[in-house]
Amino acid sequence: MPPSLHHSLYYQIHWRSIAYWMFAITASLCAFFIVRQLTMCWRLTTLPGVPPPSCKVDRDDVSSSDVEMLHQNNPSPALPSSTEMQMPVWDGSSRINIVFFGLRSQDLSSPDCPLCTDTIIVLTVDPLTKTAGMLSIPRDMWVNIPGYGYSRINTAWAIGEADKVPGGGAQLALQTISQFLGVPLHYYAQVDFGTFVSFINLIGGIDVYVEERMVLDPAGPGQDHFVLKPGDYRHLNGKRALAYARCRDESKGCRGGDFGRAARQQQVIMAIRDKVFDPTYFPTLLTQAPQIYITFASGIQTNFSFEDALKLAILVQEIPTEKIQQRVIDPSMAIPTQASIQGIPANVLRPVPDLIRILRDELFNSSSALRPLAQENNLTLMQVEQARIRVINHTYVPEFEKRVASYLTSQGMQVVEYGIPTSLSTHTTIIVYSEKLYTLRYLTEMFGITSRYIIIRPAINESVDIEIQIGEDWINKLPTGY
């Protein structure tokens, strides 16, 4: 081959290579910015809500008599500043709190408040200790919605949409929940029913342990139903998992009403986690993450960036199941009562603040709104509070209250009274007369009792702060030597 021809071919091939790589780099950059814009706005959905202000998406008005009744006569609240609307930036090492919302209905024309968030689950993750927690908040919790006064917690999203507040319903709902719990909330995600079903089908379904016989209608009331038998794991496809997570009809075996449904929703979330983070499956899922994101973006509303979502997924994959606490605000912490919304009676749940604070502190630790002292251990916190204790013997063992009091005194407590027994009891009960949060937390751990046996009874004239009614369950638990 003549040298001139050789050089000609060489330069031809060389410039073709350069042109190819320039095109590839340009295409990659374009794809990056397109995907990043989708991530920032994440608004390819018919569901309502408001992305960051830079996306300039119009909100639709919300038609709901329940919400209109609440805010029609109230002045508009002071709007948050533009800095509150900015996209959060997660450094990957700080504790992160996320709220998952489930809307009542996918039919926005429904008169029954379709934008009310009947599912509210707060997820907290601590990257340093590799621990996490989930907290379900009942939809009827009676709380203060910033700028609008008291109402059910599930109406905050709908009110924010109806009044077009900056950040929309998501922002007002986040502010309401943050104020109620006393913790900062960084991110939120709202997934529509179709996306939920499709994703579970994509991962091949999930397995849940069924504790009661349940009759579920995956296609809606009156449609084909299926029966779940108790006492074993059941494999559920997307539609069946959705029906399981949404059921609260006790006549169909879905016990516990809204509280039971909240527990089942957490069960479904854990089942999804177990499937997605299976070591044999997770690496493959990660490689498919960009395509999965694009596929399901139309059914998800969130302020999570794609990068932070991947970071969180990798972090959560490293947290063992036993390090994930699951909690539901149960009937002992939320008392059914009647309230009035614009003069109309409404059934709501009034929170018991002290018990909810204890629950919050168990999950959120140092990220909660505690005094600086709360970073110490429980024993130190209890001793500093110097709560006055009364002990009552509700067992058949003579003078058992004095033995228990001796043990409590050795722990640094002030036992100032012995009460007169009124009955025998199988369970130890704690009655709280004044706010001694850390002593109460210490006692609940010591006696191993649940919130069912904690009674909040504020009384200014009581001579003690806390009364302990010793039950027979603690006879064999008292340490040797007392």
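For the structure, check the block above.
Scoring rules and cut-offs
Residues numbered from 1 in each chain as written. Predicted model: local features only at pLDDT ≥ 70, side-chain atom pairs only at ≥ 80, totals over all residues. Heavy atoms only, no water. Helix = DSSP H or I, 4+ residues; strand = E, 2+ residues; numbered from the N terminus. Buried < 20%, exposed > 50% of the residue type's maximum accessible area, 1.4 Å probe, protein only. Contact = heavy atoms within 4.5 Å. Areas by Shrake-Rupley, 256 points an atom, 1.4 Å probe, with all protein chains shown as cover. Pairing = 2+ DSSP bridges. Axes fitted to C-alpha atoms, helices over the stretch in contact; angles between N-to-C directions. Salt bridge = Lys/Arg side-chain N within 4 Å of Asp/Glu carboxyl O. Core = buried A, V, L, I, M, F, W, Y, C linked by side-chain atoms within 4.5 Å.

### Focus: the overall build of the protein
Secondary structure summary: the protein contains 14 helices and 19 strands in total. The buried share of the protein, taken over its 482 residues, is 47%. For the protein, contacts bridging at least 24 residues in sequence account for 72% of all contacts bridging at least 6. Entry remark: accessible area of the protein is about 24000 Å², with carbon and sulfur atoms responsible for 55%.

### Some thoughts on unusual backbone geometry
Its identity as a non-glycine residue notwithstanding, K130 has a phi of 55°, on the positive side. Within the secondary structure, K130 is located in the loop between strand 2 (117-126) and strand 3 (131-136). Even without a glycine there, the phi angle at Q386 is positive, about 55°.

### Notes on the sheet that holds strand 17 (residues 429-432)
The strand order 16-15-19-17-18 describes an open sheet built from 5 strands, whose pairing is mixed. Two strands bound the open sheet, and with one partner strand each, they are strand 16 (414-419) and strand 18 (454-456). Mean inter-strand twist for the sheet, computed between neighbouring axes without regard to direction, equals 20°. Relative to strand 19 (residues 466-470), strand 15 (residues 388-393) runs parallel, the two being bridged by 5 bridges. Bridging across to strand 19, I389 finds its partner in I466.

### A closer look at the pattern of salt bridges
In total, this model carries 18 salt bridges according to the counting rule given. Here E362 ties to R327 by a salt bridge, and the two come within 3.5 Å at their closest N and O atoms. Placement of E362 in helix 11 (residues 353-364) and of R327 in strand 12 (residues 324-328) is noted, with a sequence separation of 35 residues between them. Classification of E362 by relative accessible area gives partly exposed; the value is 26%. On the accessibility criterion, R327 (27% relative accessible area) is partly exposed. Within the structure, one salt-bridge network assembled from shared partners comprises D118, R139, R248, D258 and R261.

### So, the nonpolar core
Core analysis: the largest hydrophobic core is formed by 70 residues, its most contacted members being I137, M141, I177, I329, L408 and F447. Among all residues touching I177, those that are not within four sequence positions of it are V99, F101, I120, V122, I137, I153 and L185. Listed in part, the 42 residues of the second largest apolar core include I98, F226, A243 and V276.

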